[in-house]
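# Breakdown of the fold
Below, each chain spelled out in residue letters.
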Amino acid sequence: QVQLVEFGGGLVQPGGSLRLSCAASGFTFSNYVMNWYRQAPGKERELVALITQLGSMTDYGDSVKGRFTMSRDNGKNMVYLQMNSLKSEDTAVYYCNAQSVFSKTTAPRWSWGQGTQVTVSA
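Report follows, based on the coordinates. (Residues numbered from 1 in each chain as written. Predicted model: local features only at pLDDT ≥ 70, side-chain atom pairs only at ≥ 80, totals over all residues. Heavy atoms only, no water.)

Our next topic: the pairing of strand β1 (residues 3-7). What you see with β1 is a clean split: Leu4 and Glu6 sit on the buried side and Gln3, Val5 and Phe7 on the side with no burial. Both β1 and strand β3 (residues 18-25) contribute to a ladder of five bridges, which runs antiparallel. Bridged to Val5 within β3 is Ala23. (Buried < 20%, exposed > 50% of the residue type's maximum accessible area, 1.4 Å probe, protein only. Helix = DSSP H or I, 4+ residues; strand = E, 2+ residues; numbered from the N terminus. Pairing = 2+ DSSP bridges.)

So, about the state of the cysteines. One pass over the structure, following the stated rule, counts one disulfide. There is a disulfide in this structure between Cys22 and Cys96, and the S-S distance comes to 1.8 Å. Here Cys22 is found in strand β3, whereas its partner Cys96 is found in strand β9 (residues 92-99), with 74 residues between them in sequence. A single burial state applies to Cys22 and to Cys96, both of which are buried. (Disulfide = S-S within 2.5 Å.)

Quick look at the sheet that holds strand β4 (residues 33-39) now. Neighbouring strands of a sheet are bound in pairs by backbone hydrogen bonds; such pairs are parallel or else antiparallel. The six strands lie next to each other as β2-β10-β9-β4-β5-β6, forming an open sheet whose pairing is mixed. A single partner strand is all that each edge strand has here, and the edge strands are β2 (10-12) and β6 (58-60). Across this sheet, the average inter-strand angle for adjacent strands is 25 degrees, counted without regard to direction. In this sheet, strand β5 (residues 46-51) lies alongside β4 in antiparallel orientation, the contact comprising five bridges. By the bridge assignment, Trp36 is partnered in β5 with Ala49. (Axes fitted to C-alpha atoms, helices over the stretch in contact; angles between N-to-C directions.)

See the structure below:
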């Protein structure tokens, strides 16, 4: 079955960096656009970043543009999110997923994994 396992979160000070990873299995990884979402307490889940099947194009939510970088390794079925210049408002649980089309309005394909907690605090 499909598995999405996110890891790499933690506690970081404002201005710091973290690198999140997501291990995917159970589907043909290279056929899918991959994405990262996040959900802060009391808020809806929001799209953070997405990347095309071969990694040639990325797109980001307005709140993270210029600070976050998404990448993928099709040989390892992994996606990554490099997060720099972190702010307190980046505090959330971060999830990866797949989608069929490179579009910010396309719904995620699979059920959510457990996510990884990112807390930005002094």
